[in-house]
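Okay, here's what each chain looks like letter by letter:
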Amino acid sequence: MVNFVRDIRDPEHPYSLEQLSVLSEESITVDDKLGRILITFTPTIQHCSMATVIGLCLRVKLKQCFPPHYKVDIKVSPGSHANEESVNKQLNDKERVAAALENPNLRQLVDECLYSSEL
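Calculation rules
Residues numbered from 1 in each chain as written. Predicted model: local features only at pLDDT ≥ 70, side-chain atom pairs only at ≥ 80, totals over all residues. Heavy atoms only, no water. Helix = DSSP H or I, 4+ residues; strand = E, 2+ residues; numbered from the N terminus. Buried < 20%, exposed > 50% of the residue type's maximum accessible area, 1.4 Å probe, protein only. Contact = heavy atoms within 4.5 Å. Areas by Shrake-Rupley, 256 points an atom, 1.4 Å probe, with all protein chains shown as cover. Lys, Arg positive; Asp, Glu negative; His and termini not counted. Charge placed at Lys NZ, Arg CZ, Asp CG, Glu CD. Pairing = 2+ DSSP bridges. Axes fitted to C-alpha atoms, helices over the stretch in contact; angles between N-to-C directions.

S.K.: Which parts of the structure should I look at to understand the overall build of the protein chain?
M.R.: What the protein chain contains, in helices and strands, is five helices and three strands. The principal-axis extents of the C-alpha atoms in the protein chain amount to approximately 35 × 35 × 30 Å. Within the span of the protein chain, comprising 119 residues, buried residues form 39% of the whole. For the protein chain, restricting intrachain contacts to residue pairs at least 6 apart in sequence, the fraction spanning at least 24 positions comes to 61%. Carbon together with sulfur atoms contributes 50% to the accessible area of the protein chain, which is approximately 6,800 Å² in total. Averaging the locations of the 13 positively and 17 negatively charged side chains of the protein chain gives two centres separated by 6 Å.

Structure (structure tokens):
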């Protein structure tokens, strides 16, 4: 499973999320029977301003790799972010995610994180 997201680049660093230990094999759970994916990631710092961007990158990538019936939940690891509840709420609210991805600057940043390794 981590193969799908291992090369996503961190928005602030020239390294992948895996290289920065933001993601690991253990932080990803897939239940094919229920059609659910849970990703728990750990931002590099407690006040990471890019936590929501990282979550958007993960969501976009998983939506590209899995059938649409899969439910994707993305959360920051418990205690890993100062605004944990707010970040989790934003990352799992369909309307907020859709609005964020309609912002051209934010969409460009997400695309750069997803596709920089392919360029």
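Moving on from the model shown.
S.K.: Please explain the sheet that holds strand β2 (residues 36–41) as it appears in this structure.
M.R.: Sheet strands line up and pair through hydrogen bonds in the backbone, either parallel or antiparallel. Across the sheet, which stays open at both edges, the three strands sit in the order β1-β2-β3 with mixed pairing between neighbours. A strand with exactly one partner marks an edge of an open sheet, and here the two such strands are β1 (28–31) and β3 (71–76). Neighbouring strand axes in the sheet, compared pairwise and without regard to direction, differ in orientation by 10° on average. Lying on the sheet, helix α2 (residues 51–65) is in contact with β2 and β3; it crosses β2 at an angle near 150°. On top of the sheet, helix α3 (residues 84–91) reaches β2 and β3; it is set at about 160° to β3, its chief contact.

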